[in-house]
Amino acid sequence: MIELTNKDRNQLERLNITIEQVDNQVNQFINGFPYSDLVEAATIDNGIVRFSEDEIQELVKQFDEDKKYYDILKFIPASGAASRMFKNIYSFVEEYKGKEIPENFLRKEKIKLDSIENFFLSIREFAFYDDLKAKMAEDNKDIDTLLSENRLVEIAEALLENDGLAYGKLPKALLKFHRYKELSRLALEEHLVEAAHYSTAETENGVIAQLHFTVSQEHIELFKKAVEEVLPSYEKMFNVHYEISYSVQKPSTDTIAVDLNNEPFRNNDGSLLFRPGGHGALIQNLNDLHKEIIFIKNIDNVVPDRLKPSTYEYKKVLGGYLFRLQQQQFEYLQLLDEGCLTTEEIDEIMMFAKEKLMINIPNFYETYNEIEKIDFLYSKLNRPMRICGMVKNEGEPGGGPYWVRNCNDEISLQIVESSQIDHANEKQEAIFQGATHFNPVDLVCATHDFKGNSFDLNDYIDHNTGFISKKSKDGKDLKALELPGLWNGAMADWINIFVEVPIITFNPVKTVNDLLRDTHQG
């Protein structure tokens, strides 16, 4: 147990963090996290479902017909700052501020997509260009003149800094992603458009679309203002009423930082340093919603209208498949709850769990008597469920689907990140490299049980799947702790089902130049 002062204890009380949490986190720094134990990669032949065109149409139809029976919400993690999108531009400013830029810096032909040169050569193609030009004009600066005179640092600063568009300080949600003939849309607006096509419910007061954004405390008012400005036009356009809610990452999910000797890191004023626990902390935000069906998609994975039909179709495929499986799951749970089953019924439920819910049935299951089999199947079926879209691996970064053995010797489907792998272990590395698909964070989740009660999602976290990273503050090195990721360890003990979806449904914006890709040009 670490030694705490009265000041420390008061700080913990304000943050709603317990001493036990801090002790556990310090112990995790000391002991580290175990690597994932990969059994094999999940593939189309073993663990990933691929639908035929006829099945796709059937599932879309099922979603459209059945969604009226469900309370559906779209959940968008949107608190991440956009600063990393502009890393190359910040580096450029740092290198050339106050210096002369070479005359041939901007070549006539376009070059490497993610190059800083291509950013300036293609600047008129960005959806934010008109705003940038207008903002600079307020300071009597003409962007075309600055481009011709190679005064590129001034353009970069006008884009990034607070006295310009402040794009380097804003979250991705509040950046203009796509340009259309009459307007340009923020990333969050594209999610409003999407939600109107699948995250809706018919009520006595008309059609509603529910969305929930997780935002940082410093940006919440900007979020609300941006949404209020655009909402009326989308409600009119799609004849829906939007119900928008927000939450911030709870201070109680922050994790303590330690120095390189695993002693609590202290700020200059002597207080303990706590850092955000990563997106895995958002499982608490998700848990608080108590919604029946929740679609999850990252804020930057959106496309212009011309490419949205594929997104709508596969969202409905994932949702329709969830409805289909859950309806059968609930029917079987009702039988298991009553307890009076024949041997044939038990076998039928076991095969459903194995073949449809991808639940590994251990060899010792066959040694159980009927009551033990019923108890086993009940415990395995009575859990939250998620359907995860998986894209063929074409070199993009992202967690992959694997069969994984946990500390209790249980094997299950999991999404595993590279940081969780022991790459020095040749066998594990071979399995890791054998993945045919990766996770684009395209999920639909069912969080109620067969009696209509909300699951407590805290009960299904694998706390052994966090990770430790090295950071610095005030010139001092420290170690930071991230909680189990939202779609990794935070959902590890859910029923996990992987479905192949096309690459066109995955179009993230990691760098500003990604917006120059064809999939982000209107």
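Our subject is the structure that appears above.
This structure is a prediction, so every number in the text was calculated from the model and none was measured.

What counts and what doesn't
- Residues numbered from 1 in each chain as written.
- Predicted model: local features only at pLDDT ≥ 70, side-chain atom pairs only at ≥ 80, totals over all residues.
- Heavy atoms only, no water.
- Helix = DSSP H or I, 4+ residues; strand = E, 2+ residues; numbered from the N terminus.
- Rg over C-alpha atoms; globule rule 2.2 N^0.38 Å.
- Buried < 20%, exposed > 50% of the residue type's maximum accessible area, 1.4 Å probe, protein only.
- Contact = heavy atoms within 4.5 Å.
- Lys, Arg positive; Asp, Glu negative; His and termini not counted.
- Charge placed at Lys NZ, Arg CZ, Asp CG, Glu CD.
- Pairing = 2+ DSSP bridges.
- Core = buried A, V, L, I, M, F, W, Y, C linked by side-chain atoms within 4.5 Å.
- Axes fitted to C-alpha atoms, helices over the stretch in contact; angles between N-to-C directions.
- Left-handed = near helix turned anticlockwise from the far one by under 90°.
- Nonpolar A, V, L, I, M, F, W, Y, C, P; charged D, E, K, R; others polar.
- Salt bridge = Lys/Arg side-chain N within 4 Å of Asp/Glu carboxyl O.
- Phe/Tyr/Trp six-rings, centres within 6.5 Å; stacked < 30°, edge-to-face > 60°.
- Lys NZ or Arg CZ within 6 Å of the ring centre and 35° of its normal.
- 1 Å grid on protein atoms, 1.4 Å probe; cavity = no way out; pocket = protein on both sides within 12 Å on 5 of 7 lines; lining within 4 Å.
- Points joined across faces, edges and corners; volume = space filled by probe spheres on them.
- Arc of directions from axis to C-beta.
- Polar contact = N/O pair within 3.5 Å; in protein donor to acceptor, adjacent residues only side chain to side chain.
- Expected span 1.5 Å × (residues − 1).
- Patch = residues over 30% accessible without salt bridge, like charges linked within 9 Å, V, L, I, M, F, W, Y side chains within 5 Å.
- Areas by Shrake-Rupley, 256 points an atom, 1.4 Å probe, with all protein chains shown as cover.

Draft legend 1. View of the overall build of the chain. In terms of regular secondary structure, the chain is built from 15 helices and 19 strands. By the compact-globule yardstick of 24 Å for 522 residues, the chain fits well, its C-alpha radius of gyration being 25 Å. Dimensions of the chain, computed from C-alpha atoms along their principal axes, come out at roughly 85 × 60 × 50 Å. Relative to its full complement of 522 residues, the chain shows a buried share of 53%. In the chain, once contacts between residues fewer than 6 apart in sequence are set aside, the share between residues at least 24 apart is 76%. The distance from the centre of the 57 positive side-chain charges to the centre of the 88 negative ones in the chain is 6 Å.

Draft legend 2. How the structure looks around the pairing of strand β18 (residues 476-482). Pairing between strand β17 (residues 467-473) and β18: 7 bridges, direction antiparallel. Opposite K473, over in β18, you have K476 as the bridge partner. Connecting β17 to the next strand, β18, in antiparallel fashion are 2 residues, including D474 with a positive phi near 55°.

Draft legend 3. Local environment of the nonpolar core. Ranked by internal contacts, the top residues of the largest apolar core, which has 140 residues, are F86, F92, F119, I155, L159, L188 and I387. Among the elements that take part in this core, helix α12 (residues 308-338) stands out by supplying 11 residues, more than any other. Aside from chain neighbours lying at most four places away, what touches L188 is A173, L174, F213, F223, A226, V227 and I299.

Draft legend 4. Expanded view of the packing of α12 against helix α13 (residues 343-355). It is at 11 Å that the axes of α12 and α13 come closest, and there the two elements cross at 145°. Crossing geometry of α12 relative to α13 is assigned as left-handed. Residues L325, Q328, Q329, Y332 and L336 of α12 pack against E348, I349 and F352 of α13. Here the residues of the contact of α12 with α13 sort into 5 nonpolar, 2 polar and 1 charged.

Draft legend 5. Examining the pattern of salt bridges more closely. For the structure on display, the rule yields 32 salt bridges. The partner of E500 in a salt bridge is R50, and the shortest N-O contact between them spans 2.8 Å. Residue E500 is located in strand β19 (residues 495-500), and its partner R50 is located in the loop between β2 (48-49) and α3 (53-66); the two are separated by 450 residues in the primary sequence. Overall, R50 belongs to the partly exposed group, its relative accessible area being 45%. With its nearest N and O atoms 2.8 Å apart, the salt bridge here joins D305 to K308. Sharing partners across several salt bridges, the network here consists of K141, E149, R151 and E154.

Draft legend 6. Focus on the packing of aromatic side chains. This structure, assessed with the given rule, holds 27 aromatic pairs. Considering the side-chain rings of Y332 and F352, the 5.3 Å spacing of their centres and the 65° angle between planes classify their relative orientation as edge-to-face. Of this pair, Y332 sits in helix α12 while F352 sits in helix α13, and the two are 20 residues apart along the sequence. With relative accessibility at 9%, the residue F352 sits in the buried group. Three or more aromatic residues joined by ring pairs form one cluster here, namely F86, F92, Y96, F105, F119, F120, F126, F128 and Y167. Across the ring face of Y180, the terminal group of R185 is positioned such that the distance to the ring centre comes to 4.3 Å.

Draft legend 7. Fine view of the layout of surface pockets. Taken as a whole, the second largest pocket spans an internal volume of roughly 1,000 Å³. Around the second largest pocket, the lining is made up of 48 residues, and of these V404, R405, N406, C407 and D462 lie nearest the centre. Elements supplying a minimum of two residues to the lining of the second largest pocket: α14 (370-381), β13 (400-405), β14 (411-416), β17 and β19. Per-element tally for the lining of the second largest pocket: the top contributor is β14, with 6 residues. Residue composition of the lining of the second largest pocket, by class: 23 nonpolar, 16 polar and 9 charged.

Draft legend 8. Region of interest: helix α15 (residues 426-433). Residues Q428, I431 and F432 constitute the buried set of α15. Taken down its axis, α15 places every buried residue within 100° of arc, on the same side. Looking at α15, the residues exposed on the side facing more than 90 degrees away from the buried face are E426, K427, A430 and Q433. Packed against the buried residues of α15 are β1 (37-41) and β13. Where α15 begins, the capping side chain belongs to N425, and its oxygen is found 3.0 Å from the backbone nitrogen of K427.

Draft legend 9. Here's a closer look at empty space enclosed by the protein. Inspection of the entire model under this criterion finds 1 cavity of 30 Å³ or more. As a volume, the largest cavity reaches approximately 30 Å³. If you go around the largest cavity, the residues you meet are L286, N287, H290, K291, T447, S454, F455 and L457.

Draft legend 10. Molecular detail of unusual backbone geometry. Phi angles above zero are rare outside glycine, and A166 is one such case at about 60°. Following the sequence through the fold, A166 ends up in the loop between α8 (152-160) and β4 (176-179). A positive phi angle, near 55°, is found at H290, a position not held by glycine. Here H290 is to be found in the loop between α11 (282-289) and β11 (293-297). H290 sits in the partly exposed class, given a relative accessible area of 48%.

Draft legend 11. Focus on α13. With 13 residues, α13 should cover 18 Å at 1.5 Å per step; its first-to-last C-alpha distance of 18 Å lies within 8% of that length. Along α13, the residues classified as buried are I346, I349, M350, F352 and A353. Here the buried residues of α13 occupy an arc of 160° about the axis, which is enough to place them on one side. Elements that come into contact with the buried residues of α13 comprise α12 and α14.

Draft legend 12. Region of interest: a negative patch on the surface. Taken together, the side chains of E53, D54, E55 and E58 make up a negatively charged region of the molecular surface. Mapped onto the elements of the fold, E58 is located in helix α3.

Draft legend 13. Structural view of the environment of L282. In this structure, L282 sits in helix α11. Classification of L282 as buried rests on a relative accessible area of 3%. Each residue touching L282, except ones within four places of it in the same chain, is listed here: F75, P77, T214, Q249 and L486.

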